[in-house]
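# Descriptive analysis of the structure
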Amino acid sequence: MFKFESKSLEDTKDFAKNLSKFLIPGNVISLIGEMGSGKTTFTQYLLKNLGVEDYITSPTFSLVNSYEGKYTINHMDLYRLEDESEMETLDIDNLFYPEGITIIEWAERAKSYLPRNLIEIYIDKTSLEGRRFEIRGNNREEIRLIKELQ
């Protein structure tokens with residue numbers, strides 16, 4: 001298990017920068033946290049460190065935004081998904097088995113579609129700017145990432 005305690009936005013930016021160094025094409029990341037826990041903010045920091053220069057917004061209504069940086073990066077927000085079968089209207093082969101990286105907010109709304117080596121990052125709000133990030137090491141990619149981060 002890996003935990004990172006952020007006390008400020010700067011700490012969160014630093015964690016995103018460090019994490020970005022170890023992401024590889026094919027990674028699919030699920031950000032898990034309550035509304036307001038900072039999933040979109042963390043994604044913005046992460047994408048900036050992956051070379052995305054575009055303005056990064058949450059794809060709450062479009063479900064997916066794609067960006068070009070070091071890799072092609074798909075940013076998904078499944079909050080408005082009413083039924084997980086709606087995933088079939090998307091190009092899930094390219095989203096869940098990408099040549100680049102996919103980052104998903106509210107992935108738990110499409111649990112049966114998610115890849116086996118999904119990297120789940122739990123985010124808990126601990127104060128106004130403080131966050132606790134946790135990766136539990138449940139699969140090969142999470143274990144690899146934890147070793148890299150330690």
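Everything below is about the structure shown above.
Taken as a whole and assessed by the stated rule, the structure comprises seven aromatic pairs. Ring geometry for Phe 2 and Phe 15: centres 6.0 Å apart, planes at 15°, overall stacked. Separated by 13 residues along the polypeptide, Phe 2 in strand β1 (residues 2-6) and Phe 15 in helix α1 (residues 9-20) bring together distant segments of the chain. A relative accessible area of 10% places Phe 2 in the buried class. Relative to Phe 15, the ring of Phe 4 lies with its centre 4.9 Å away and its plane at 10°, an arrangement referred to as stacked. Here Phe 15 lies in helix α1 and Phe 4 lies in strand β1, a separation of 11 residues in the sequence. Given the relative accessible area of 2%, Phe 15 is considered buried. Residue placement shows Arg 136 over the ring face of Tyr 122; its charged tip is 3.7 Å from the ring centre.

Looking now at the packing of α1 against helix α2 (residues 39-49). Relative orientation of the contacting elements α1 and α2 amounts to 45°, with a least axis distance of 8 Å. Considered as vectors, α1 and α2 are oriented oblique to each other. Crossing hand, α1 versus α2: right-handed. Side by side, α1 and α2 meet where Leu 9, Thr 12, Lys 13, Phe 15, Ala 16, Lys 17, Leu 19 and Ser 20 of the first sit next to Phe 42, Tyr 45, Leu 46 and Asn 49 of the second. A breakdown of the residues in the contact of α1 with α2 according to their chemical character gives seven nonpolar, three polar and two charged.

Take unusual backbone geometry next. Phi is positive for Leu 63, which is not a glycine, with a value near 75°. Of note, Leu 63 is situated in the loop between α2 and β3 (64-68). The backbone of Trp 106 sits at a positive phi, close to 60°, despite the residue not being glycine.

Turning to the side chain of Thr 102, a few remarks are in order. Its location among the elements puts Thr 102 in strand β5 (residues 101-105). There is a polar contact of 3.3 Å between the side chain of Thr 102 and the side chain of Asn 74. With sequence-adjacent residues up to four places away left out, Thr 102 is seen in contact with Asn 27, Val 28, Ile 29, Asn 74, Met 76, Asn 94 and Leu 95.

Attention now goes to the environment of Leu 145. Of note, Leu 145 is situated in helix α4 (residues 140-149). Separated by 132 residues in the primary sequence, Leu 145 and Lys 13 place their C-alpha atoms 18 Å from one another. Beyond its immediate chain neighbours, meaning those up to four positions away, Leu 145 contacts Leu 19, Phe 22, Leu 23, Ile 119 and Ile 135.

What follows covers the pairing of strand β2 (residues 28-32). Of all the five residues making up β2, five are buried; the element is thus mostly covered by neighbouring parts of the structure. What you see with β2 is no split at all: Val 28, Ser 30 and Ile 32 on one side and Ile 29 and Leu 31 on the other are buried throughout. Two strands pair when backbone bridges link them, and β2 and strand β6 (residues 119-125) are joined in this way by four bridges, in the parallel orientation. Bridging from a neighbouring strand, Ser 30 pairs with Glu 120 of β6.

Calculation criteria
- Residue positions are counted from 1 within each chain, in the order its sequence is given.
- Since the coordinates come from a predicted model, pLDDT governs what is reported: local features require at least 70, and pairs of side-chain atoms require 80 or more to be given and counted, while whole-chain, interface and lining totals use all residues.
- To obtain the side-chain values, all non-hydrogen atoms of the structure were included, while hydrogens and water were left out.
- Here is the rule: rings of Phe, Tyr and Trp (six-membered ring for Trp) pair when centre to centre is within 6.5 Å. Planes less than 30 degrees apart are stacked, more than 60 are edge-to-face, and the remainder are tilted.
- Runs of E in the DSSP output that reach at least two residues are strands. Runs of H or I that reach at least four are helices, and both are numbered from the N terminus.
- Buried, partly exposed and exposed residues are distinguished by accessible area as a fraction of the type maximum, computed with a 1.4 Å probe on protein chains only: under 20%, between the cut-offs, and over 50%, respectively.
- To sit over a ring, a charge needs its Lys NZ or Arg CZ within 6 Å of the ring centre and within 35 degrees of the ring normal.
- Axes here refer to lines fitted to C-alpha atoms; in helices the fit is confined to the stretch in contact. Angles between the N-to-C directions go from 0 to 180 degrees.
- Convention used here: angles under 35 degrees read as roughly parallel, angles over 145 as roughly antiparallel, angles from 65 to 115 as roughly perpendicular, and any remaining angle as oblique.
- Here a crossing is called left-handed whenever its near helix is offset anticlockwise from the far helix by less than a right angle, and right-handed whenever the offset is clockwise.
- Residues count as neighbours in contact if any of their non-hydrogen atoms are within 4.5 Å of one another.
- Each residue receives one of three labels: charged for Asp, Glu, Lys and Arg, nonpolar for Ala, Val, Leu, Ile, Met, Phe, Trp, Tyr, Cys and Pro, and polar for the others, Gly being one of them.
- Polar contact is the term for a pair of N or O atoms within 3.5 Å; when the atoms are in protein, one must be able to donate a hydrogen and the other to accept it, and sequence-neighboring residues count only if both atoms are side-chain atoms.
- In short, DSSP must find at least two bridges between two strands for them to pair.

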